[in-house]
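Descriptive structure summary
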Amino acid sequence: MLKPNTNYNNLKDSYLFYRISQKVAKYLDEHKGSRVLRLGIGDVSLPLCKTVIDALHKAVDDQANKSTFHGYMPECGADFFKKAVAGYYEKRGVKLLEDEVFVSSGASDELGDILDLFDKSDSVLVIEPAYPAYVDANVMVGREILHLSSGKENGFLPLPDESVKADLVYICSPNNPTGAVFDKQSLKKWVDWANARGAVILFDAAYEAFIEDDTLPHSIFQIDGARTCAIEICSLSKTAGFTGTRCGYTVIPKELERGGMNLNAMWVRNRTTKTNGVSYILQRGAAAVFTDEGLKEIYENIAIYKQNAKCIMAALDKLGIWYCGGKNAPYIWLKCPKGMSSWEFFDYLLDKAQIVGTPGEGFGSCGEGYFRFSTFGSVEDTKEAARRLVELLQDK
Ligand code: MLT
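Let me sum up the structure you'll find in this document. Since the model is a prediction, treat every value here as computed from it, not as a measurement.

Considerations on the sheet that holds strand β4 (residues 145–149)
Sheet strands pair by backbone hydrogen bonding; their relative direction is either parallel or antiparallel. Strand order in the open sheet formed by seven strands is β2-β8-β7-β6-β5-β3-β4, and the pairing between neighbours is mixed. Looking at which strands have only one partner, the edges of the open sheet turn out to be β2 (101–104) and β4. Between one strand and the next, the sheet's axes are offset by a mean angle of 20°, whatever the strand orientation. Bridge count between strand β5 (residues 168–172) and strand β6 (residues 200–204): five bridges; the pairing is parallel.

Some remarks on the environment of leucine 349
The topology assignment puts leucine 349 in helix α11 (residues 342–353). Using a relative accessible area of 0% as the deciding quantity, one classes leucine 349 as buried. Residues leucine 349 and leucine 392 lie 43 residues apart in sequence; the distance between their C-alpha atoms is 8.6 Å.

Re the nonpolar core
Formed by 80 residues in total, the largest nonpolar core has its most connected members in Ile231, Ile252 and Phe373. With eight residues, the single largest contributor to this core is helix α10 (residues 292–319). Those residues within four positions of isoleucine 231 in sequence are excluded, and the remaining contacts are Ile114, Leu117, Phe118, Val200, Ile201, Leu202, Phe203, Thr250, Val251, Ile252, Leu256 and Leu263. Among the nonpolar cores identified, the runner-up in size contains 54 residues, and Leu125, Trp193, Tyr249 and Tyr280 belong to it.

Notes on the packing of aromatic side chains
Applying the stated criterion across every chain yields a total of 22 aromatic pairs. With 6.0 Å between their ring centres and 65° between their planes, tyrosine 15 and phenylalanine 17 make a pair best called edge-to-face. For tyrosine 15, a relative accessible area of 27% translates into the label partly exposed. Of the aromatic side chains, those joined through ring pairs into one cluster are Phe156, Trp322, Trp333, Phe363 and Tyr370.

Section: the packing of α10 against helix α12 (residues 379–393)
Packing of α10 against α12 leaves a shortest axis separation of 9 Å and a crossing angle of 5°. Comparing the axis directions of α10 and α12 gives the class roughly parallel. Facing Ile304, Asn308, Cys311, Ile312, Ala315, Leu316, Lys318 and Leu319 of α10, the residues of α12 in contact are Val379, Thr382, Lys383, Ala386, Leu389, Val390 and Leu393. Looking at the contact of α10 with α12, its residues break down into 11 nonpolar, two polar and two charged.

What about the site of the ligand?
Around the ligand, a shell composed of Phe17, Ile41, Gly42, Tyr131, Asn176, Tyr207, Lys238, Tyr331 and Arg372 is seen. A distance of 2.8 Å separates an oxygen atom of the ligand from a polar atom in the side chain of asparagine 176. One nitrogen or oxygen atom from the side chain of arginine 372 is found 2.7 Å from an oxygen atom belonging to the ligand. Relative to its free-state accessible area of 270 Å², the ligand is covered by the protein chains to the extent of 83%. Along the lines of polarity and charge, the residues of the shell around the ligand split into five nonpolar, two polar and two charged.

Quick look at the pairing of strand β7 (residues 230–235)
Counting buried positions over the six residues of β7 gives six, a clear majority of the element. In β7, alternate side chains face the same way, and those of Ala230, Glu232 and Cys234 on one face and Ile231, Ile233 and Ser235 on the other are all buried. The sheet contact formed by β6 and β7 spans four bridges and is parallel. For isoleucine 201, the partnering residue across the bridge sits in β7 and is alanine 230. Two strands pair when backbone bridges link them, and β7 and strand β8 (residues 248–251) are joined in this way by four bridges, in the antiparallel orientation.

Description of α12
A rise of 1.5 Å per residue sets the reference length of α12, with its 15 residues, at 21 Å; its end C-alpha atoms lie 21 Å apart and thus fit the reference within 8%. Every buried residue of α12 is accounted for by Thr382, Glu384, Ala385, Ala386, Arg388, Leu389, Val390, Leu392 and Leu393. Looking at the packing, one finds that the buried side of α12 touches β1 (37–38), α10, α11, β13 (355–356) and β15 (370–374).

Calculation notes
- The residue numbering used here restarts from 1 in each chain and proceeds along that chain's sequence as written.
- Only residues with pLDDT of 70 or above have their local features reported here, since the model is predicted, and side-chain atom pairs are shown and tallied only from 80 upward, although totals for entire chains, interfaces and linings are computed over all residues.
- Values shown for side chains rest on all heavy atoms present in the structure; no hydrogens or waters enter the calculation.
- Being paired, for any two strands, means DSSP has found at least two bridges between them.
- Put simply, DSSP H or I for four residues or longer makes a helix, DSSP E for two residues or longer makes a strand, and each gets a number counted from the N terminus.
- Axis geometry follows a simple rule: fit a line to the C-alpha atoms, using only the stretch in contact for helices, then measure angles between N-to-C directions, giving values from 0 to 180 degrees.
- Here's how the labels work: a residue is buried when its accessible area is under 20% of the maximum for its type, exposed when over 50%, partly exposed in between, all with a 1.4 Å probe on protein chains only.
- To qualify as a nonpolar core, a set must consist of buried Ala, Val, Leu, Ile, Met, Phe, Trp, Tyr and Cys residues joined through side-chain atoms within 4.5 Å.
- Throughout, a residue-residue contact means that at least one pair of heavy atoms, one from each residue, lies within 4.5 Å.
- When the centres of two rings from Phe, Tyr and Trp lie within 6.5 Å, Trp using its six-membered ring, the rings pair. Their planes under 30 degrees apart give stacked, over 60 give edge-to-face, and anything left gives tilted.
- By definition in this entry, angles of less than 35 degrees are roughly parallel, angles greater than 145 are roughly antiparallel, angles of 65 to 115 are roughly perpendicular, and the rest are oblique.
- We call Asp, Glu, Lys and Arg charged. Ala, Val, Leu, Ile, Met, Phe, Trp, Tyr, Cys and Pro are nonpolar, and the rest, Gly among them, are polar.
- Nearness here has a simple test: a residue counts as near a molecule or strand if at least one of its heavy atoms is within 4 Å of that partner.
- Nitrogen and oxygen atoms within 3.5 Å of one another constitute a polar contact, given that in protein one can donate a hydrogen and the other can accept it, and given that sequence-neighbouring residues count only through two side-chain atoms.
- Surface accessibility in these figures is a Shrake-Rupley result with a 1.4 Å probe; residues are shielded only by whichever protein chains are displayed.
- To estimate how far a helix should extend, the number of its residues minus one is multiplied by 1.5 Å.

Next comes the structure, spelled out in structure tokens:
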């Protein structure tokens, strides 16, 4: 008799962002015509930049001609795409072989799919508060999950010590949801811990393009020793507005081996079996991000999101509300006012000001009492949200 995967019984009823969208849909149904301002899920509001659009159009035209047409693409990525990504890393002083770069459909898929490389008995450490897909993807496979809480006292950047025993660890820096960023010395401590234990770091670099402080690492491969213990997963969703376009990349160094097996070679075997790659058209658009013109344009968009961050931070300053993030990351992480719980504050904001944010508790229990604003909304909505926040929360 067929047995379904009963690990699904161990998941929360619904995924965080799905639960939020259901709540908002219900509110809108009951309050038709309300202007709801969405500062919840980190979905971009600016269109793709011109250089990317031009490359996508050209690639569509290539597919119309016999001489430039492409059928199946190499499963691990087109040479032009891998070269573009390797060139981007080189600008940060990181040398990669092109075969260490794998194309993907984005980080959220890849952060779960990569688990295929590891045995179910390997434990995983999740540093919380954390992007909820880390936990859910591991619950689905029935893996033992260890939770490492962080808080204001360590700047949401906990370090490993001998008591931290796990085979895998997710590290997201700049962090979703707190916006905290590991500096090179702290990240080195995680790298040394992983090498000493034979653990593997799954480094989520989805927000690296938001780093302003040049002393902070954009990639774990800027840290000595990372090539023997880390896999980096990145996405163009936030870097270049690809949330609805879908393309990302994963870096697995050739030196990365565990139990006598080479993880780069294993991922080649996995991808060549489980995917037919990413379309020619998308890879052309994605490669254009890394041209000089493409980078200039995406940073112009990022500058607009950073203005949004300033606008929300100014409102929180005015209200005397504690927060972090917003500078090297597109998220602002704040303490809920008036002692409210995360979900109480969510309901309060939606009901009284029609603002949607993300309850901190959705990122792990230590996120209770906190709240996250995304800065990816439109400039108009963000300004209006800041205005409504002040109006609602200032002492009258
Ligand atoms: C978030 O809001 O945390 C992210 O946008 C969700 C995602 O990238 O899937």
